[in-house]
Amino acid sequence: MSHNETVRIRPGANVAVLFMHGICATPDNFRSMLPLEEMVPQNWSVYNMVLDGHCGTVKDFSRSSMKKWRAQADAVFRALAAQHEKILLVGHSMGTLLALELAMRYPQKVAHLFLLAVPIRVFVKPVAIKNLLRMGLGCVDMSDPVQRSMVQACGMRLTKKLWKYVPWAPRMVELLRRGYIVGKALPAIGVPTVVWQSSNDEMVSQRSAVLLRKRTCAQVDILPASTHFYYPPEAVQTVQNSFANILQLHL
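Keep in mind the model is a prediction, meaning the values are calculated, not measured. (Residues numbered from 1 in each chain as written. Predicted model: local features only at pLDDT ≥ 70, side-chain atom pairs only at ≥ 80, totals over all residues. Heavy atoms only, no water.)

Structural notes on a positive patch on the surface
Formally: Patch definition: residues with relative accessible area over 30% and no salt bridge; like charges joined within 9 Å; nonpolar side chains (Val, Leu, Ile, Met, Phe, Trp, Tyr) joined within 5 Å. Each accessible area is a Shrake-Rupley estimate made with a 1.4 Å probe; only the visible protein chains count as cover when residues are assessed. Only one rule defines a salt bridge in this text: a Lys or Arg side-chain nitrogen within 4 Å of an Asp or Glu carboxyl oxygen. Positive charges are assigned to Lys and Arg, negative charges to Asp and Glu, while His and the chain termini are left out of the count. All charge positions are set by atom: Lys at NZ, Arg at CZ, Asp at CG, Glu at CD. Only DSSP runs of H or I covering at least 4 residues are called helices, and only runs of E covering at least 2 are called strands; the numbering of each starts at the N terminus.
A cluster of basic side chains, namely Lys59, Arg63, Lys161 and Lys164, defines a positive patch on the protein surface. By the secondary structure assignment, lysine 161 is in the loop between helix 5 (145-153) and helix 6 (169-185).

Here it is, written out as structure tokens:
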């Protein structure tokens, strides 16, 4: 698995697609978990970014912050906006919060939002805690597609020394707080938006879909049988078809 950024800038391209992964995740989520990057037309620009502190060590992540992630997303967006007429934003989990904030800040440049597992409200189920512990201890059952998907989606080099994850707590609190802040500001979203939530998401509350429908004009749909990281083949196909429709609109 590659955790490298994709930076493909096409001189003269009118459209750029910016992909933003979730917390503790990797740009590869948009290549393997949900193969969307490969769908972008070759004459468009693509930036599939690695957020600060990700795709490295447990300590690297501890030293980062929501402030750094927001600043980084803003800087990358502004660089793309200086060279392209319009930008499509694609986000998963925490990446959707960054995308929503960019759409509020630069509505004249954001042509479309394509969001997956938006954590306006977080509710971590016991099964998620159990699977996270399994990952940390290195005892994941790779025959279980849900457990396997969590391992594949993780961009961090994990350690069995569980106490080293304690400094992660502030990052998780920041995520919760940012979800509430973005949730309150949702009525300000005036950009065309497509949202796909997962029916069996073990980390995002189903309340998120309710709030998105109530406070925005977004098209919000639910993927049956999907979790936060696991998307069965039929769900992947549904997401890809939806993304293809958006790409077609901006050709």
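So much for the structure itself; the text now carries on.
Notes on the nonpolar core
Buried together is how nonpolar side chains tend to be arranged in soluble globular proteins. Put simply, the test is: To qualify as a nonpolar core, a set must consist of buried Ala, Val, Leu, Ile, Met, Phe, Trp, Tyr and Cys residues joined through side-chain atoms within 4.5 Å. Only protein chains enter the accessibility calculation, which uses a 1.4 Å probe. A residue is then buried if its area is under 20% of the maximum for its type, exposed if over 50%, and partly exposed in between. Contacts are residue-level and defined by heavy atoms, with any inter-residue pair within 4.5 Å sufficient.
Among the nonpolar cores identified, the biggest contains 79 residues, and Leu18, Leu36, Leu89, Leu113 and Phe114 are the most heavily contacted of them. Leave out the neighbours within four places in its chain, and leucine 36 touches Phe19, Phe30, Val90, Phe114, Leu116, Val239, Gln240 and Phe243.

Some words on the packing of helix 4 (residues 126-137) against helix 5
Threshold: Where helices are involved, their axes are fitted lines through C-alpha atoms of the stretch in contact, as for all axes, and angles between N-to-C directions lie from 0 to 180°. With respect to orientation, any angle under 35 degrees is reported as roughly parallel, any angle over 145 as roughly antiparallel, any angle of 65 to 115 as roughly perpendicular, and every other angle as oblique. Note on convention: the crossing is left-handed when the near helix lies turned anticlockwise from the far helix by less than a right angle, right-handed when the turn is clockwise. For this scheme, ten residues count as nonpolar: Ala, Val, Leu, Ile, Met, Phe, Trp, Tyr, Cys and Pro. Four count as charged, namely Asp, Glu, Lys and Arg, and the remainder, Gly too, count as polar.
Contact geometry for helix 4 and helix 5: axes closest at 10 Å, N-to-C directions at 60°. Accordingly, the angle class assigned to the pair helix 4 and helix 5 is oblique. Handedness of the crossing formed by helix 4 with helix 5: right-handed. Across from Ala128, Asn131, Leu132, Arg134 and Met135 in helix 4, the residues of helix 5 making contact are Val146, Gln147, Met150 and Val151. Broken down by class, the residue content of the contact of helix 4 with helix 5 amounts to 6 nonpolar, 2 polar and 1 charged.

Section: helix 6
To be explicit about the condition: The span one expects for a helix is its residue count, reduced by one, times 1.5 Å. In this context, the arc is that of the directions from the helix axis out to the C-beta atoms.
The end-to-end C-alpha separation of helix 6 is 25 Å, in line with the 24 Å expected for 17 residues at 1.5 Å each. Every buried residue of helix 6 is listed here: Arg171, Leu175, Arg178, Gly179, Val182 and Gly183. All buried residues of helix 6 fall inside an arc of 135° around its axis, so they share one side. The exposed residues of helix 6 that point more than 90 degrees off its buried face are Val173, Arg177 and Lys184. On its buried side, helix 6 packs onto helix 1 (58-62), helix 2 (66-81), helix 3 (94-105) and helix 7 (207-215).

Describing the packing of helix 2 against helix 3
In the contact formed by helix 2 and helix 3, the axes pass within 10 Å of each other and the chain directions differ by 55°. Considering their axes alone, helix 2 and helix 3 lie oblique with respect to each other. Note on packing geometry: the crossing formed by helix 2 with helix 3 is right-handed. Of the residues in helix 3, those in contact with Met66, Trp69, Arg70, Ala73, Asp74 and Phe77 of helix 2 are Met94, Leu98, Glu101, Leu102 and Arg105. Here the contact of helix 2 with helix 3 is built from residues that sort into 7 nonpolar, no polar and 4 charged.

Some thoughts on the sheet that holds strand 6 (residues 193-198)
Stated precisely, the cut-off is as follows: The rule for pairing is simple: two strands pair if DSSP sees at least two bridges between them.
Pairing in this open sheet of 7 strands is mixed, and the strands run 1-3-2-4-5-6-7 from one edge to the other. Either end of the sheet is taken by a strand with one partner, and the two such strands are strand 1 (6-8) and strand 7 (219-223). Shown here is a sheet whose adjacent strand axes are inclined to one another by a mean of 15°, direction ignored. With 5 bridges connecting them, strand 2 (residues 15-20) and strand 3 (residues 45-49) associate as parallel partners. When the sheet's bridge partners are listed, leucine 18 is paired in strand 3 with tyrosine 47. Its contacts with the sheet place helix 7 against strand 6 and strand 7, and it is angled at close to 160° to strand 7.

Let's talk about the environment of tryptophan 196
Topologically, tryptophan 196 is positioned in strand 6. Its relative accessible area of 9% is what places tryptophan 196 among the buried residues. Each C-alpha atom of the pair tryptophan 196 and valine 220 lies 6.0 Å from the other, and the pair is 24 residues apart in sequence. Excluding residues that lie within four positions of it along the chain, tryptophan 196 makes contacts with Phe114, Leu115, Leu116, Ala117, Asp221, Ile222, Leu223, Thr238 and Ser242.

Looking at a nonpolar patch on the surface
Taken together, Val124, Ile129, Leu133, Leu137 and Leu162 make up a surface patch of nonpolar side chains, about 390 Å² in accessible area. As for its position among the elements, leucine 137 is in helix 4.

Remarks on the side chain of serine 198
Counted only if it meets this: For this analysis, a polar contact is any N or O atom pair within 3.5 Å, provided that within protein one partner can donate a hydrogen and the other can accept it, and provided that sequence-adjacent residues contribute only side-chain to side-chain pairs.
By the secondary structure assignment, serine 198 is in strand 6. Taking relative accessible area as the criterion, serine 198 reaches 1% and is therefore assigned buried. In this structure the side chain of serine 198 is engaged in a polar contact, spanning 2.9 Å, whose partner is the backbone oxygen of threonine 227.

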